[in-house]
Each structure stands twice: as C-alpha cells, then as structure tokens.
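Summary of structural features
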Amino acid sequence: RRRNRRICGNSSSSGSSKSTTKVDNDLNPPAASSASSLFVDIVEGSSSSPSHSPSSSSRTSNNTLGENDNEGEEKEGKGSTNSPFIHHPQFDAVVCGGTLGIFAASAILARDPSLRVAVIERSALRGRDQDWNIARSELERIVQYGIVDRDTMEESIKIEFNPMRVGFETPKKGGFSTDVNDVLNVGVSPKQLVERARESFVKRGGVVLENVSIQGISVYDDAAVVTCGHESKDAAAAVDNSNTPFLLKSRLIIDAMGGGSPIAKQARGGAKPDGICLVVGSCARSKLFNEINRKGGDLIYSFNPVEEVPTLATKEKFMARDGSISTELPRNVQNKSSEIQMFWEAFPASSGANDRTTYMFAYMDASATRPSLQRMFQEYFRLLPKYQGLGGESSSGSTTSMEELVAKEDITFTRLLFAAFPSYSASPIQYPESWSRIVAVGDASGVQSPLSFGGFGALLRNLPRTVDGVVEALQYDILDGKSLRGLQPYLPNLASTWMMQRSMSAPSLEDADDAPNNMIPKVFGSPLLSDGSPGPEIISELLANTFEGMLSLDDGKGDRLLPFLQDVVRPGGLLGALSKVVVNKPELVPRIIRHVGPAPIVDWIQHVIFMLLYAAGDTILSTNTGKNVVKLR
C-alpha cells in the first residue's frame, strides 16, 4: 500500500511554479485529492511502483519514467536539449534555477564528471547586461572549482577600481570615513560569465532545459520526480514537440531558485520574513560622474539621520485584479509612515567613463507601514543629487533637484533597479528531516548575511561546503533528510549578524511606542533625548563608532575591518570593536539598548559564545590536522 504524507501545509505558486498539479501515471503519485496543494510532496514507496493504476488518477501523461528507462543510453547526447535522452532521463542531480544554479551545477560536474546533472531555467538562461560587483579573491572560486578557466575569468572582468569608501556622517566630529581596497571593486559581465559557465557545463555532459517551469516535486524513497511545464513552444519542441508536461527523475534536487523559492517558502511554513532590505537604484550617465568615478566607489555610506517616510509615494499607482493601473487607494492599504535609515552604495560602471551605478537601501521589518518601492524611488531621486554632489548647492544650501538635472540633460538614466530581499533569523534554512533528496544552495538556502543581500558573492563564498558536500552525498548515496541537513549547519557568525541588522534598522513607530524604557541601565545617567528616544542619529553614531573601533584594533591597517566587510564575521574583530565603543563612548550603551531592545542582545550574546567555541575548536583541529587523518575506503 502507498501512503502520502503532507508536509508544511502551505502551498506556493511563486518562483518557478505555474501550477502545483503533477502529471504522471506510472510513478506512484500522491492521491489526486491532495495533488495540487503542495509544491513538494513526500511520498512513501518507490517511484516505479506499479501499484497505482493510471486510470485511478487525475494525473496522466505519456512521459513516464521507469527504473530502466536510461539503460544503454549512458551519456550519449547529454549535452544537447534536443537529444532523446531528455525524454526519459534519470539524473543524479537536477538544479532548479539556472542564473546562479549554473555555477553550482558546473562546479559539481567539474568535481565528478561521471555524474548526470541537469539545470532547469524558467526563462532563457542568460545573465543581465549590468555588472556584478565582487572581490577578485571571491571570484577566484570559479577557477578553483573548474567552472571556467583563468583566461575566461579575466575576460569577464570589465572594470576594476579602488578604493571603496565606508562612511557614516554624524553631527559630532563629522562621523567616520575610511577607504578600503579590494572589496566589491571588480565588475564582471554576468552575460558573459553565465554563458561561459554554461558552455563548460554542457561540454562536461550537463543538460540545460530553458523556458521550462517547475510545477511540483514528488519525493519517493528511491528518487525525486520533478513535474515540468513548457514556458514556450520552442521549449516544448526541444523535448517532445508537445505541450504535455514532462517528468525528470533524479536522485537529488538542488534548489537554486533564490529567496523567493517555492520550496523554501513551503519549508518555512509561510512564515513572515523577520527582516526586509528594500533596494532601489539606477545606472545613469552624466559628465558629472566622470570625476567621481576616478575616486572609486562607495561600499556603504550614510549622510542623513533616521527620517520619517510615508508608506506610499505621491500618486502611488496600484494594479487591480483585472490588470488595470489606478491611483485609487485600495481598501486594504493605508498610507501611514515609518522611520527608516537610508544607506548608499555606488560603483563606476563598465559601460563608460561617465556611467555610474548607484543604490539606496534600507533595513526594516515587514510591517505594512514601511515604505513601498515606489516611495523608496521617490526618496532616491530626492536625495541622489546631494549624495553624488550633482549640480552643486545654492547659497540657501539647497541642491539642484533631479527634475532640473534631467531637464538640462545633465543626467540620463539607462536602467532602473529595485528589489525586496527577505531575510529570516532562522538561517540557514533547515528542511524537515522527512525531506530527503532535496538541498538548497545560494539565496534559497538562507546562507547569505542579512547585511549583504546574498547573490553571486554569497554563492561563491559557500561553494566549498555546498559543492563538496553534494558530490560526497551523491558518491556515497547519503541522501536522507537528516544527513543533508548537515550541508545547512548552524553558523554562529551568520546568526550573530542579526543583531547588526536590527541595529541598522529603525523600529516602526508602533514598536517604538511599546519599547521598554525600564530596561535601560541608569548607571550611565540619562543620555536619552527628552522624549525618551535614542535620537535620529543613533544608527549613524553606532556604526561610526563601531567601525572606528574596529579600524583602531590594528592601527588603521584594516586587517580586522576588511573581513567584516566581506561577510566574514570573526569574534576578535567584532568583540574588540564593541569593547572600544563601551570604553570610549559609554553614553551610547543605553541608547543602543533602547534602540535594539534587550531580547535581540541576549540572543546575540548566545551566538557570540558559540562563535568563540567554534573558533577555539577550529584552532584545535587545525593544529592537529597532521595527527588526525581519516581515510575513507
């Protein structure tokens, strides 16, 4: 008998999913009554069991998979999507999501060319035209893991510059500012890099399926089956010249669908994000940028205190259910306001000496009172001239407006960018132990720091653990859920960054009203403002003093600061910097507690203790590496 178990009862239809209806007949699918409610179904039994009659299921298809469908085919035609191999494949791994997944897939095949690996991409597999910014030391991973060769890596680098500024303006002493080198200072062409990684992947026998959506995944005792749909007629023709959904059977599913992955959403039970980073930006062209670009870029910079910003933009536009656009306020939307601290990031662009990419971002919770992306853009255009010094200032201190700059053709926008990056304190993501044969990489895994947004850099930083672990799991057939959870371990340094993210975000006005004043130590006097708040400059002052303390630990060399800026949080630099703040600026301590709250600080202390224990264990194991060698036979 076959039983179907439903895990985490929240369905998802976003990401690569168009529908959760799975289509098969001989693959022992879940019962028809529950077929459409989950993106991931955990099914007890064999994927090739004949116990389920096609006539008793609402899922029917001519594309079925059996245990021996690929015998005799070996690897012939693996590199082409037009190959008959695509009809009834049995893969070792199927990577869902291709833009970043192609790098993981190529690295896996480079590690073990005998594996059969496929990549599924909902649209055409290609990178964007705008630069990806990364450090050269991180980019080296694509060579170390055989994704591309060194010549290809060098060809993909379109611009390289130094320094990068880190600064926070405060009312007292001008704040903090320093220049660092070799952090996000390399601009690579995503379009070229993705194409070369794909070529390397296909050359080793990998299969790329473009314009193919993922409708659902059924995990059996012996395999995982992906139900795929065609996003275009061309994709359908590449498989079987029909629009019938088809199936891919694999030993392992690798989720590379990013932060919006439907697999991740189901695993989290539909939980609301603990934090969000709203980002808006542009790539713009102006002669005024020419001189600025010669000075390098900005890694993180702030020049304004916390500001109260309305939820909605002036004349905010809404999309109705019928697809029409209107400025009429929907009944379930309220235009309130909240306080946010805005940060900036800027890079010279490879498209020209007068081109510059600029982002404005803010950390916040997921409250409905937070500003919309349209409102963020309105603030971005208001503040961009002042941030980049465009047009100068008048005698009254006002800066030339963006409207005036555009009217005079002093600036031209070539691309506008926006995103909302959700983040969770429970990261990396941990699937239920019953979820065998599924593992996540990149942003879908939650391994990115809530301060760095994730993306290409976060994927490469974690490549050694994920790729080596996946290859070992496939080689030794260790694909149960409990074992695969080891690829997503508790990381105390990552967990500790949550207090930093909290400290860089202003609480909503409702939260600020409920903050516990009685938790503030009185030993430091009364450093709060008259209204009991920590003041609008608290975030800038905290960051300025923390970074200044970290820089002073090595007499300004930046050896402690640089790893922190590259998402490598080490206990020595972190604790050393904070101790400097406590000693040199004791009046900040009660304001920080009032701003962050006691509960996040207690939680952070626990993670720091574990970080110290992990660091001590790493030191001990590294010292005894030569004495303790385990050989697997």
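None of the values given here were measured: they were computed from a predicted structure.

Right, let's talk about the overall build of the protein chain for a bit. Along the backbone of the protein chain there are 20 helices and 23 strands. As displayed, the protein chain offers around 28,300 Å² of accessible surface, 50% of which is attributable to carbon and sulfur atoms.

Our next topic: helix α1 (residues 101-111). Burial analysis of α1 places nine of its 11 residues in the buried class, the great majority of the element. Every buried residue of α1 is listed here: G101, I102, F103, A104, A105, S106, A107, I108 and L109.

Time to look at the pattern of salt bridges. The full count for this structure, using the stated rule, is 19 salt bridges. Of the charged contacts, one joins D298 and R165 as a salt bridge, the two residues approaching to 2.8 Å between their closest N and O atoms. Taken together, the positions of D298 in strand β15 (residues 297-302) and R165 in strand β7 (residues 164-168) put the pair 133 residues apart, joining distant regions of the chain. Here R198 and E210 are joined by a salt bridge, their closest N and O atoms 2.9 Å apart.

On to the nonpolar core. One broad rule of soluble globular proteins: the nonpolar side chains tend to lie buried together. Core analysis: the biggest nonpolar cluster contains 48 residues, and F103, L139, I142 and F456 have the highest contact counts within it. Sort the elements by how many residues they give to this core and α1 lands first, with seven residues. Among residues more than four places away in sequence, those in contact with F456 are L100, F103, W132, I134, L139, I142 and L193. By size, the runner-up hydrophobic cluster in this structure holds 47 residues, among which are M500, M504, A577 and M611.

The terminal C-alpha atoms of helix α5 (residues 190-203), which comprises 14 residues, lie 20 Å apart, in line with the 20 Å expected from a rise of 1.5 Å per residue. Taken together, the buried positions of α5 are P190, Q192, L193, V194, A197, R198, S200 and F201. With its phi angle positive at about 105°, G205 sits one or two positions after the end of α5.

Let us look at the packing of helix α16 (residues 538-552) against helix α19 (residues 588-596). Where α16 contacts α19, the axes come no closer than 11 Å and their chain directions differ by 125°. If you check the angle between α16 and α19, you find them oblique. Between α16 and α19 lies a crossing of left-handed hand. Between α16, through I538, I539, E541, L542 and N545, and α19, the contact on the second element is made entirely by L588, R591, I592 and H595.

What follows concerns the confidence of the model for the protein chain. Taken over all residues, the pLDDT of the protein chain has a mean of 80, while the share at 70 or more is 78%. Per-residue pLDDT stays below 50 along residues 1-36; that stretch engages in 132 contacts with residues further than four places along the chain or on separate chains. When the criterion is pLDDT under 50, residues 626-633 qualifies, and its contacts beyond four places in sequence or with other chains add up to one contact.

Reading across the sheet, the seven strands line up as β8-β7-β15-β20-β21-β14-β22 and stay open at both edges, with mixed pairing between neighbours. Only two strands of the sheet have a single partner each, and these edge strands are β8 (176-180) and β22 (412-423). Neighbour-to-neighbour, the strand axes of this sheet turn through a mean angle of 15°, independent of strand direction. Relative to β8, β7 runs antiparallel, the two being bridged by five bridges. Paired with F168 across the bridge in β8 is F176. The sheet strands contacting helix α9 (residues 373-388) are β7, β14 (275-285), β15, β20 (343-348), β21 (355-364) and β22, and the helix crosses β21 at an angle near 125°. Strand contacts of helix α14 (residues 492-503): β14, β21 and β22, with the helix running at about 65° to β14, the strand carrying the most contacts.

On inspection of all chains with the given rule, the structure shows 20 aromatic pairs. On the basis of an interplanar angle of 25° and a centroid distance of 5.6 Å, the ring pair of W344 and Y380 is categorised as stacked. Of this pair, W344 sits in strand β20 while Y380 sits in helix α9, placing them 36 residues apart in sequence. For the pair W344 and Y380, one class covers both residues: buried. One aromatic cluster is present, built from ring pairs that chain together F303, W344, F377, Y380, F381, Y387, F413 and F418.

Further remarks concern the sheet that holds strand β6 (residues 157-160). One open sheet holds the three strands; their spatial order is β5-β9-β6, and the pairing between them is antiparallel. Of all the strands in the sheet, the pair left with one neighbour each is β5 (132-134) and β6. Mean inter-strand twist for the sheet, computed between neighbouring axes without regard to direction, equals 30°.

Let's shift gears to the pairing of strand β12 (residues 224-230). Of all seven residues in β12, seven are buried, a share of seventy percent or more. Burial of the side chains of β12 extends over both faces: A224, V226, C228 and H230 are buried on one face and V225, T227 and G229 on the other. Summarising the sheet, strand β11 (residues 212-219) and β12 pair through seven bridges and their orientation is antiparallel. Looking at the pairing, V219 lines up with A224 of β12. Adjacent in sequence and paired antiparallel, β11 and β12 are bridged by four residues. In the sheet, β12 pairs with strand β13 (residues 246-255) via five bridges, with the strands oriented antiparallel. Residue pairing across strands places A224 opposite S250, the latter belonging to β13.

Note that E316 resides in the loop between β16 (307-310) and β17 (318-319). R375 provides the closest opposite charge to the buried, salt-bridge-free E316, at an N-O distance of 7.2 Å. Apart from the residues within four sequence positions on either side, E316 is in contact with S326, T327, S372, Q374 and R375.

In total, this model carries zero disulfides according to the counting rule given. Distance from the sulfur of C228, which forms no disulfide, to the nearest cysteine sulfur (C96) is 7.7 Å.

The next subject is a nonpolar patch on the surface. Side chains of Y490, I605, I609, F610, L613 and Y614 sit close together on the surface and give an oily, nonpolar patch of about 580 Å² of accessible area. Within the fold, Y490 resides in the loop between α13 (481-484) and α14. Under the relative-accessibility criterion, Y490 is labelled partly exposed at 33%.

Basis of the calculations
- Residues numbered from 1 in each chain as written.
- Predicted model: local features only at pLDDT ≥ 70, side-chain atom pairs only at ≥ 80, totals over all residues.
- Heavy atoms only, no water.
- Helix = DSSP H or I, 4+ residues; strand = E, 2+ residues; numbered from the N terminus.
- Areas by Shrake-Rupley, 256 points an atom, 1.4 Å probe, with all protein chains shown as cover.
- Buried < 20%, exposed > 50% of the residue type's maximum accessible area, 1.4 Å probe, protein only.
- Salt bridge = Lys/Arg side-chain N within 4 Å of Asp/Glu carboxyl O.
- Core = buried A, V, L, I, M, F, W, Y, C linked by side-chain atoms within 4.5 Å.
- Contact = heavy atoms within 4.5 Å.
- Expected span 1.5 Å × (residues − 1).
- Axes fitted to C-alpha atoms, helices over the stretch in contact; angles between N-to-C directions.
- Parallel < 35°, antiparallel > 145°, perpendicular 65-115°, else oblique.
- Left-handed = near helix turned anticlockwise from the far one by under 90°.
- pLDDT = per-residue confidence, 0-100.
- Pairing = 2+ DSSP bridges.
- Phe/Tyr/Trp six-rings, centres within 6.5 Å; stacked < 30°, edge-to-face > 60°.
- Lys, Arg positive; Asp, Glu negative; His and termini not counted.
- Disulfide = S-S within 2.5 Å.
- Patch = residues over 30% accessible without salt bridge, like charges linked within 9 Å, V, L, I, M, F, W, Y side chains within 5 Å.

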